[in-house]
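Fold and contact review
The chain contents come next:
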Number of protein chains: 2
Amino acid sequence: MAEEVKLFGMWASPFSRRIEVALKLKGIQYEYIEEDLSNKSPSLLKYNPVHKKIPVLLHNGKPVAESLVILEYIDETWKHNPILPADPYEKAMARFWAKFLDEKLWPAAKKVVVSKGEEPKEVIEEIQEHLKTLESELKEKKFSGGESLGFVDIAANIIFWLLVVQETLGLDILTEDKFPGLHEWYQRLADDAVFKECVPRERLLGAFKVRFGALTASK
Amino acid sequence: MAEEVKLFGMWASPFSRRIEVALKLKGIQYEYIEEDLSNKSPSLLKYNPVHKKIPVLLHNGKPVAESLVILEYIDETWKHNPILPADPYEKAMARFWAKFLDEKLWPAAKKVVVSKGEEPKEVIEEIQEHLKTLESELKEKKFSGGESLGFVDIAANIIFWLLVVQETLGLDILTEDKFPGLHEWYQRLADDAVFKECVPRERLLGAFKVRFGALTASK
């Protein structure tokens, strides 16, 4: 039986983009279904009734939701080009840092967007506190297992969303001089062909400019 | 070399109790170190500098933090008496529901405690909404892999903390008539010898009564 792999995603979501990176790294053919989040499809509601969110991976009719859960599922289902390290301790560290990105960095980064373009000093400090934690961890060791992209690299795609927001709003949150280790890290990611394909930088910049422009105009 | 396994925990935390359940299920000898969270030890701050929280598992000098990450580490390091299912899809489902318990049910349940004994209608509704989701999922299938305790069962220990809070405050949040499936589930967990050993019901009841009594008296 041919495998059926479908991804319900949204172009601007780093979480569905993570799944695209993983599927491309593994060379898995999939059908991509773009969701309109203001008018969610019956399929999305059926396949993720609990959270009603993208991304959802549908594999031979069986749905998996939550981006980090999906990444692990993909890695365990198609074992070539591993995303997670084989060693249990290294694997635990990868899970720890991916969780940190989702539970600490991303909620803080989202607050800048909600701040509607005003420079939110406290929010910036909060984000930089988390970036410092990452920077200091990077000095100790590389996150990913080696030359190829790993679990934490993929989860760290949210950093590119933060960079777009900072560029749109003209803020200095994550800069090379403040965070040289992080800068080197995301430059390496940005140079990766698969990764680059799944970070829609220009389109995000355009969308954020419209969004913040409208907010500024309506003040 | 003899293995060195230490657990930094706190008796009233469901999260460190989860680790005790897993270690006992696997029959792993460990040293338990009780932390005073109002005066954290230098060891805790050293081993979990990012979150400064319990539980931390120290295995041959290497620390792992975050309870779900620790559970997976334990399961991958000591492979007998598996906690997670072997099948990638079943494993993804277990991870999905453990995440749901931590990110939806627990934050809602905590709000009842913060509400200081007043009956918080909206909070109760929020908790019951999540319980309904679990109840409906239980109708479809058992969470755990079989007769033995699994990942979701262990993560679901937070339900016993909710039951203690409800008993202390005289609330009707999770009752047998409203949630018969959940009731049957946690009764089965309560009857498990290892699980029972790691739910300090009487001591929690005592501590919550003192806490809520003091709050009521100081109103």
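Residues numbered from 1 in each chain as written. Chains lettered and ligands numbered in written order. Predicted model: local features only at pLDDT ≥ 70, side-chain atom pairs only at ≥ 80, totals over all residues. Heavy atoms only, no water.

The name given to chain A in an unreviewed UniProt entry is glutathione transferase, and the organism recorded there is Vitis rotundifolia.

1. A closer look at the overall build of chain A
Counting secondary structure elements, chain A contains ten helices and four strands. The linear arrangement of helices and strands in chain A, starting from the amino end, is β-α-β-α-β-β-α-α-α-α-α-α-α-α. Taking 219 residues into account, the globule formula puts the C-alpha radius of gyration at 17 Å, and chain A, at 18 Å, falls close to it. Across its three principal directions, the C-alpha atoms of chain A cover 55 × 45 × 30 Å. By the burial criterion, 54% of the 219 residues in chain A qualify as buried. Counted over contacts in chain A with a minimum sequence separation of 6, partners at least 24 positions apart contribute 71%. Counting every atom, chain A has about 10,300 Å² of accessible surface; 52% of that belongs to carbon and sulfur. (Helix = DSSP H or I, 4+ residues; strand = E, 2+ residues; numbered from the N terminus. Rg over C-alpha atoms; globule rule 2.2 N^0.38 Å. Buried < 20%, exposed > 50% of the residue type's maximum accessible area, 1.4 Å probe, protein only. Contact = heavy atoms within 4.5 Å. Areas by Shrake-Rupley, 256 points an atom, 1.4 Å probe, with all protein chains shown as cover.)

2. So, the pairing of strand E4 (residues 62–65) of chain A
Residues and elements named next belong to chain A. Bridge count between strand E3 (residues 56–59) and E4: four bridges; the pairing is antiparallel. Bridging from a neighbouring strand, Leu-58 pairs with Pro-63 of E4. Two successive antiparallel strands, E3 and E4, enclose a turn made up of two residues, where Asn-60 displays a positive phi of approximately 50°. (Pairing = 2+ DSSP bridges.)

3. Comments concerning the nonpolar core
Judged by nonpolar contacts, the single largest core of 160 residues is most densely connected at Leu131(A) and Leu131(B). Beyond its immediate sequence surroundings of up to four residues, Leu131(B) is in contact with Leu105(B), Leu162(B), Ile173(B), Leu174(B), Phe179(B) and Leu182(B). (Core = buried A, V, L, I, M, F, W, Y, C linked by side-chain atoms within 4.5 Å.)

4. Some details on the pattern of salt bridges
Any two side chains of opposite charge can pair, on the condition that their charged atoms come close. Residue and element names in this part refer to chain A. Per the stated rule, a full pass over the model turns up 30 salt bridges over all chains. The residue Arg-201 makes a salt bridge to Glu-202 at a minimum N-O spacing of 3.6 Å. The class of Glu-202 is exposed, set by a relative accessible area of 58%. (Salt bridge = Lys/Arg side-chain N within 4 Å of Asp/Glu carboxyl O.)

5. Overview of the sheet that holds strand E2 (residues 31–34) of chain A
All names here are of chain A. Judged by pairing direction, the sheet is mixed, and its four strands sit side by side in the order E2-E1-E3-E4 without closing on themselves. Across the chains shown, the open sheet's two edge strands, defined by having one partner strand only, are E2 and E4. Looking at each pair of strands side by side, their axes are set apart by 20° on average, direction ignored. Sheet analysis places strand E1 (residues 5–9) next to E3, joined by four bridges and oriented antiparallel. Across the sheet, Phe-8 pairs through a bridge with Val-56, a residue of E3. (Axes fitted to C-alpha atoms, helices over the stretch in contact; angles between N-to-C directions.)

6. Here we look at the relation of the copies chain A and chain B
Superposing chain A onto chain B requires a rotation of 180° together with a translation of 0.0 Å along the rotation axis, leaving an RMSD of 0.0 Å. The two molecules are tied by a two-fold rotation axis, judged by turn and shift. For chain A, the minimum C-alpha distance to the rotation axis belongs to Glu103(A) and amounts to 4.9 Å. Both copies contact each other with a shared surface, as 100% of the interface residues of chain A are interface residues in chain B too. (Least-squares fit on C-alpha atoms with pLDDT ≥ 70 in both.)

7. Some words on the interface of chain A and chain B
If you look at the interface, chain A gives 26 residues, while chain B gives 26 residues. Between chain A and chain B, roughly 2,400 Å² of surface is buried when both sides are summed, and carbon and sulfur atoms account for 70% of that area. For the pair chain A and chain B, the number of links is six salt bridges. If you look at where chain A meets chain B, you find six residue pairs in polar contact (both at pLDDT 80 or more). If you list the elements that add at least two residues to the side of chain A that touches chain B, you get E4, helix H3 (67–77) and helix H4 (88–114) of chain A. Of the residues assigned to the side of chain A that touches chain B, the class counts are 13 nonpolar, four polar and nine charged. (Buried area = accessible area lost by both parts, 1.4 Å probe. Polar contact = N/O pair within 3.5 Å; in protein donor to acceptor, adjacent residues only side chain to side chain. Nonpolar A, V, L, I, M, F, W, Y, C, P; charged D, E, K, R; others polar.)

8. Overview of helix H1 (residues 14–26) of chain B
Residue and element names in this part refer to chain B. The terminal C-alpha atoms of H1, which comprises 13 residues, lie 19 Å apart, in line with the 18 Å expected from a rise of 1.5 Å per residue. Among the residues making up H1, those that are buried are Pro-14, Phe-15, Ser-16, Arg-17, Arg-18, Ile-19, Glu-20, Val-21, Ala-22, Leu-23 and Lys-26. Structurally, the start of H1 carries an N-cap: the backbone nitrogen of Phe-15 is 3.0 Å from a side-chain oxygen of Ser-13. Just past H1, the residue Gly-27 takes up positive phi, approximately 70°. (Expected span 1.5 Å × (residues − 1).)

9. Digging into the sheet that holds strand E3 (residues 56–59) of chain B
All names here are of chain B. One open sheet holds the four strands; their spatial order is E2-E1-E3-E4, and the pairing between them is mixed. Pairing within the sheet leaves two strands with one partner each, and these edge strands are strand E2 (31–34) and strand E4 (62–65). Here the average twist between neighbouring strands, direction ignored, is 20°. Contacting strand E1 (5–9), E2 and E3, H1 runs over the sheet at an angle of about 155° to E1.

10. Things to note about the packing of aromatic side chains
One pass over the full model with this rule turns up 14 aromatic pairs over all chains. Here Phe96(B) and Trp97(B) contribute two aromatic rings whose centre-to-centre distance is 5.1 Å and whose plane-to-plane angle is 85°, an arrangement assigned as edge-to-face. Like Phe96(B), the residue Trp97(B) is buried in the burial classification. A cation over a ring is seen here: Lys62(B) above Tyr89(A), with NZ or CZ 4.5 Å from the ring centre. The side chain of Arg203(B) reaches across the aromatic face of Trp11(B), ending 3.8 Å from its centre. (Phe/Tyr/Trp six-rings, centres within 6.5 Å; stacked < 30°, edge-to-face > 60°. Lys NZ or Arg CZ within 6 Å of the ring centre and 35° of its normal.)

11. What about the pairing of E2(A)?
Note: E1(A) against E2(A), four bridges, orientation parallel. From the neighbouring strand, Lys6(A) faces E2(A), where its bridge partner is Glu31(A).

12. Overview of the UniProt feature "domain: GST N-terminal" (unreviewed entry) in chain A
In this numbering, the UniProt entry assigns the feature "domain: GST N-terminal" (unreviewed entry) to residues 3–82 of chain A. Structurally, residues 3–82 of chain A comprises 38% helix and 21% strand, and the distance from its first C-alpha atom to its last is 19 Å. (UniProt positions renumbered as here; feature names shortened; annotations may be inferred.)

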